[in-house]
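Here is what each chain is made of, one letter per residue.
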Amino acid sequence: MKIAILPGDGIGPEIVAEAVRVIEALRTDGLKAELESAPIGGAGYDAAGDPLPDPTLKLAQAADAVVLGAVGGPKYDTLPRPQRPEQGLLRIRQALGLFTNLRPAIVYDELADASALKREVVAGLDLMILRELTGDIYFGQPRGQRRLDDGQREGFDTMKYSESEIRRIAHVGFAIARKRAKKLCSVDKANVLDTSILWREVVNEVAKEYPDVALSHMYVDNAAMQLVRAPKQFDVILTGNMFGDILSDEASMLTGSIGMLPSASLDAAGKGLYEPIHGSAPDIAGKGVANPLATILSIAMLLRHSGGDEESAARIEAAVKAVLKAGYRTGDIAQPGMRTVGTREMGDAVVAALARHR
Ligand code: IPM
Ligand code: MG
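Residues numbered from 1 in each chain as written. Chains lettered and ligands numbered in written order. Predicted model: local features only at pLDDT ≥ 70, side-chain atom pairs only at ≥ 80, totals over all residues. Heavy atoms only, no water.

Peer 1: What exactly am I supposed to notice about the overall build of the chain here?
Peer 2: Per the secondary structure count, the chain includes 12 helices and 14 strands. Scaling as 2.2 N^0.38, a compact globule of 358 residues should have a C-alpha radius of gyration of about 21 Å, and the chain matches this with 20 Å. Taken over 358 residues, the chain has a buried fraction of 53%. Look at the contacts in the chain between residues 6 or more apart in sequence, and 73% of them connect residues 24 or more apart. A total accessible area of about 15,200 Å² is found for the chain, and carbon and sulfur atoms account for 52% of it. (Helix = DSSP H or I, 4+ residues; strand = E, 2+ residues; numbered from the N terminus. Rg over C-alpha atoms; globule rule 2.2 N^0.38 Å. Buried < 20%, exposed > 50% of the residue type's maximum accessible area, 1.4 Å probe, protein only. Contact = heavy atoms within 4.5 Å. Areas by Shrake-Rupley, 256 points an atom, 1.4 Å probe, with all protein chains shown as cover.)

Peer 1: Where do I start with the sheet that holds strand β8 (residues 183–188) in this structure?
Peer 2: Strand pairing in a sheet takes place through backbone hydrogen bonds and is either antiparallel or parallel in direction. Taken in spatial order, the 10 strands line up as β2-β1-β3-β12-β11-β4-β5-β10-β8-β9 in an open sheet, and their pairing is mixed. Strands with a single pairing partner mark the edges of an open sheet, and in this sheet they are β2 (34–37) and β9 (214–219). Each strand of the sheet is rotated relative to its neighbour by a mean of 20 degrees, with strand direction disregarded. Examined bridge by bridge, β8 and β9 share 6 bridges and lie parallel to one another. Each bridged residue has a counterpart across the sheet, and for C185 the counterpart in β9 is S216. Along the sheet, helix α10 (residues 293–305) makes contact with β1 (2–8), β3 (65–70), β4 (100–106), β11 (262–266) and β12 (272–276), crossing β11 at roughly 35 degrees. (Pairing = 2+ DSSP bridges. Axes fitted to C-alpha atoms, helices over the stretch in contact; angles between N-to-C directions.)

Peer 1: Can you help me understand the pattern of salt bridges in this one?
Peer 2: Opposite charge on two side chains permits them to pair, given that their charged atoms come into close proximity. Following the criterion strictly, the structure yields 26 salt bridges and no others. Among the ionic pairs, D113 bridges to R119, the shortest N-O distance being 3.2 Å. For R119, a relative accessible area of 32% corresponds to the partly exposed category. Through salt bridges with shared partners, a single ionic network connects E18, R21, R344 and D348. (Salt bridge = Lys/Arg side-chain N within 4 Å of Asp/Glu carboxyl O.)

Peer 1: What is the right way to look at the layout of surface pockets in this model?
Peer 2: To find leftover empty space, a probe the size of one water molecule is rolled over the atoms. Counted as a void, the largest pocket has a volume near 770 Å³. Around the largest pocket, the lining comprises 28 residues; the ones closest to its centre are L102, M128, M301, R304 and H305. Put simply, the parts of the chain that give the lining of the largest pocket at least two residues each are β4, β5 (126–132), α6 (163–178), β11, α10 and α11 (310–325). No other element matches β4, which puts 5 residues into the lining of the largest pocket. Shared between two domains, the lining of the largest pocket holds at least three residues of each, these being domain 1 (1–101 + 261–358) and domain 2 (116–255). Size it by volume and the second largest pocket reaches roughly 400 Å³. Every element with two or more residues in the lining of the second largest pocket is listed here: β3, α4 (85–95), α9 (241–254) and β12. Here the lining of the second largest pocket takes 4 residues from α4, the largest share from any one element. Per-class residue counts for the lining of the second largest pocket are 9 nonpolar, 6 polar and 7 charged. Each of domain 1 (1–101 + 261–358) and domain 2 (116–255) contributes no fewer than three residues to the lining of the second largest pocket. (1 Å grid on protein atoms, 1.4 Å probe; cavity = no way out; pocket = protein on both sides within 12 Å on 5 of 7 lines; lining within 4 Å. Points joined across faces, edges and corners; volume = space filled by probe spheres on them. Domains from an automatic or database assignment. Nonpolar A, V, L, I, M, F, W, Y, C, P; charged D, E, K, R; others polar.)

Peer 1: Explain the domain arrangement of the chain to me, please; I cannot follow it from the model alone.
Peer 2: Many analyses report the size of an interface as the accessible area lost when the parts associate. Segmentation of the chain into domains returns domain 1 (1–101 + 261–358) and domain 2 (116–255). A separation of 24 Å is found between the C-alpha centroids of domain 1 and domain 2. On the side of domain 2, 16 residues touch domain 1, which itself brings 12 residues to the contact. For the pairing of domain 1 and domain 2, the buried interface totals around 1,300 Å² over both sides, and the portion due to carbon and sulfur atoms is 66%. (Buried area = accessible area lost by both parts, 1.4 Å probe.)

Peer 1: What is the right way to read the pairing of β5 from this model?
Peer 2: Residues in a regular strand point their side chains to alternate faces of the sheet. Most of β5 is tucked away: 6 of the 7 residues are buried. Direction of pairing for β4 relative to β5: antiparallel, over a ladder of 7 bridges. For T100, the partnering residue across the bridge sits in β5 and is E132. Summarising the sheet, β5 and strand β10 (residues 236–239) pair through 4 bridges and their orientation is parallel. Its bridge partner lying in β10, M128 is registered against V236.

Structure (structure tokens):
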């Protein structure tokens with residue numbers, strides 16, 4: 001397997017380094033993987049004046065899978081939009097056709113007390129957020145700023161979804177639900193938005209092909225509330241790009257820390273980009289304290305979805321569980337009586353646990 005490694009900005013390089021060590025550990029056990037790195041985001045801008053330099057995109061296109069750290073930082077906040085780090089991420093998602101975004105939120109029993117919510121509300125949670133990733137208000141045209149007749153400026157964006165875009169992500173949603181608890185909740189804002197009315201109609205049409213999956217619909221404001229009130233009512237949440245962005249950050253807090261959540265962004269053929277859902281955390285960058293587990297768990301998703309290697313995926317997940325059980329905690333999931341460690345030590349602990357989980 002050829003894997004493109006795009007560390008990006010902020011804590012990206014530190015956490016990706018630990019994920020690479022996990023791949024290397026599996027390589028000594030026989031995993032066939034070739035790694036090659038390239039800059040993206042602010043690092044791409046620094047290297048080539050472009051948040052997605054051409055060679056980086058070419059490397060990603062040629063690879064079987066891509067690992068990404070995070071992009072963005074205060075240093076780049078004043079750049080014009082095309083040069084901003086986030087554009088590198090949005091463009092690579094679009095260029096690779098990664099319309100399926102899987103964001104699982106799993107509460108490890110060891111971390112149930114690290115959640116801001118009561119243990120009984122979150123313990124045992126296993127939720128899959130399926131976010132459409134290449135459409136919606138993120139990419140809709142027209143967008144921009146214009147001058148109104150009265151002289152003031154107006155900003156505008158366009159929310160839109162075509163029938164085919166909704167249909168293909170809905171199929172993914174039903175297929176995933178079928179392999180889980182067979183419950184799919186489609187989240188929209190159909191009481192206000194025309195885009196959402198179509199979304200709901202198309203999801204209902206697709207549902208006819210999956211009579212064994214229980215489909216429900218929920219408005220996004222209610223979904224945001226239900227996620228903190230009773231998150232275990234959900235199995236799979238299917239939603240658009242923007243609602244999924246917001247709800248997946250919210251769901252991460254159920255698990256104890258946003259530093260725990262991996263993600264997979266897949267194209268129609270299962271090629272994927274794997275990244276933690278958290279950002280570049282410039283405030284702690286370079287300090288060696290960031291939690292590498294979301295990125296390490298993203299490697300498990302990579303092996304599962306792009307490598308067809310369920311065994312290695314499960315091995316990584318078992319190693320992460322073992323490390324949590326042994327009491328290792330980075331600052332974001334620190335708990336009294338547990339051992340607070342840095343990024344590197346957490347990586348060491350996972351690599352050591354991998355050796356014990358052959
Ligand atoms: C995410 C991030 C990105 C998004 C940003 C960095 C463009 O928040 O992956 O959730 O909004 O999709
Ligand atoms: Mg986000």
